[in-house]
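# Tertiary structure, described
Each chain, written out:
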Amino acid sequence: YVFDELFKTELTDLYNHFQSMILPYDCWLTRWFLTLFTLLLPSSITVRIWDCIFVHGINFIIKFSISLLDFIQEELLMAKDEFEVSDVFNLLKKESSTECQNFKENISLDVDDLIKKALKIEIKDIDKYKSNFEKKSKISLKKLDIKYDIKSSITYSLNTSLTNTTNLTITDIIHEQHNTSESS
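Anyway, here's the lowdown on the structure attached to this text. (Residues numbered from 1 in each chain as written. Predicted model: local features only at pLDDT ≥ 70, side-chain atom pairs only at ≥ 80, totals over all residues. Heavy atoms only, no water.)

### A few points about the overall build of the chain
Helix and strand content of the chain: 10 helices and 4 strands. A buried classification covers 35% of the 184 residues belonging to the chain. Contacts spanning at least 24 positions in sequence make up 58% of the contacts within the chain whose residues lie at least 6 apart. In the form shown here, the chain has an accessible surface area of approximately 11600 Å², with 51% of it arising from carbon and sulfur atoms. (Helix = DSSP H or I, 4+ residues; strand = E, 2+ residues; numbered from the N terminus. Buried < 20%, exposed > 50% of the residue type's maximum accessible area, 1.4 Å probe, protein only. Contact = heavy atoms within 4.5 Å. Areas by Shrake-Rupley, 256 points an atom, 1.4 Å probe, with all protein chains shown as cover.)

Following this line, the structure appears as structure tokens:
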């Protein structure tokens, strides 16, 4: 949700273009986040991004995504459908500058420049974004405690009395939260 709000404000034209193509985040952004860019970018760049995530925190993923979209915005705005968007994204995986038949511009990534731009992006109003998310999804984030720990990955716990909290998935927690809010 934070990405969505930042995307709308930072790259309004591109956001509107993706909306007009009905291009859901499931088609591209979810893969970026879940794989930490390994399926999108060359490994030499991906490792640099991982370093930045460890140094600057988890929000760097969102900031870098915005920086990357800004860098390829011109090519993405020329895309007529999700297949051409995918073509542009596929160009990024190449180690060197490449050219796509449908686009005249070469895409050559300067990771240092992308990182500098990402670090300049400020995520303001995060509490407002959380509040809007809670209203829209009817899920209270106050009851969902998400802890990030490098050694144990991500652990989830719910600050309510659930009988079996050992093997809870995020889906279980959301389902429980939804049931709790319906019964209230």
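### A few points about a nonpolar patch on the surface
A contiguous nonpolar surface patch, about 410 Å² in accessible area, is contributed by V47, W50, F54 and V55. Inspection of the secondary structure assignment puts W50 in helix α4 (residues 43-56). By relative accessible area, W50 is classed as partly exposed at 32%. (Patch = residues over 30% accessible without salt bridge, like charges linked within 9 Å, V, L, I, M, F, W, Y side chains within 5 Å. Salt bridge = Lys/Arg side-chain N within 4 Å of Asp/Glu carboxyl O.)

### Points about the packing of aromatic side chains
Counted by the stated rule, this structure contains 16 aromatic pairs. Where F3 meets Y25, the ring centres are 5.5 Å apart and the plane angle is 80 degrees; that geometry is what we call edge-to-face. A residue pair is termed long-range when its members are at least 10 positions apart, and F3 in helix α1 (residues 2-10) and Y25 in the loop between α2 (12-20) and α3 (29-35) qualify at 22 residues. According to the relative accessible area criterion, F3 is buried, its value standing at 3%. (Phe/Tyr/Trp six-rings, centres within 6.5 Å; stacked < 30°, edge-to-face > 60°.)

### Observations regarding the layout of surface pockets
In this model, the second largest pocket occupies a volume close to 210 Å³. Forming the boundary of the second largest pocket are 13 residues, of which C27, W28, R31, S86 and F89 lie nearest the centre. Looking at the lining of the second largest pocket, the elements that each hand over two or more residues are α3 and α7 (82-91). Ranked by residues supplied to the lining of the second largest pocket, first place goes to α7 with 5 residues. Of the residues that constitute the lining of the second largest pocket, the class distribution is 8 nonpolar, 2 polar and 3 charged. (1 Å grid on protein atoms, 1.4 Å probe; cavity = no way out; pocket = protein on both sides within 12 Å on 5 of 7 lines; lining within 4 Å. Points joined across faces, edges and corners; volume = space filled by probe spheres on them. Nonpolar A, V, L, I, M, F, W, Y, C, P; charged D, E, K, R; others polar.)

### Examining the nonpolar core
Formed by 41 residues in total, the largest nonpolar core has its most connected members in F7, F18, W28, L69 and F89. The element contributing the most residues to this core is helix α5 (residues 59-71), with 7 residues. Non-local contacts of W28, meaning those with residues more than four positions away in its chain, are made with F3, F7, F18, L23, L69 and F89. (Core = buried A, V, L, I, M, F, W, Y, C linked by side-chain atoms within 4.5 Å.)

### Focus: α7
Along α7, the residues that are buried comprise E84, V85, V88, F89 and L91. Down the axis of α7, the sector holding all buried residues measures 160 degrees, keeping them to one side. Residue D81 occupies the N-cap position of α7, its side-chain oxygen lying 3.0 Å from the main-chain nitrogen of F83. (Arc of directions from axis to C-beta. Polar contact = N/O pair within 3.5 Å; in protein donor to acceptor, adjacent residues only side chain to side chain.)

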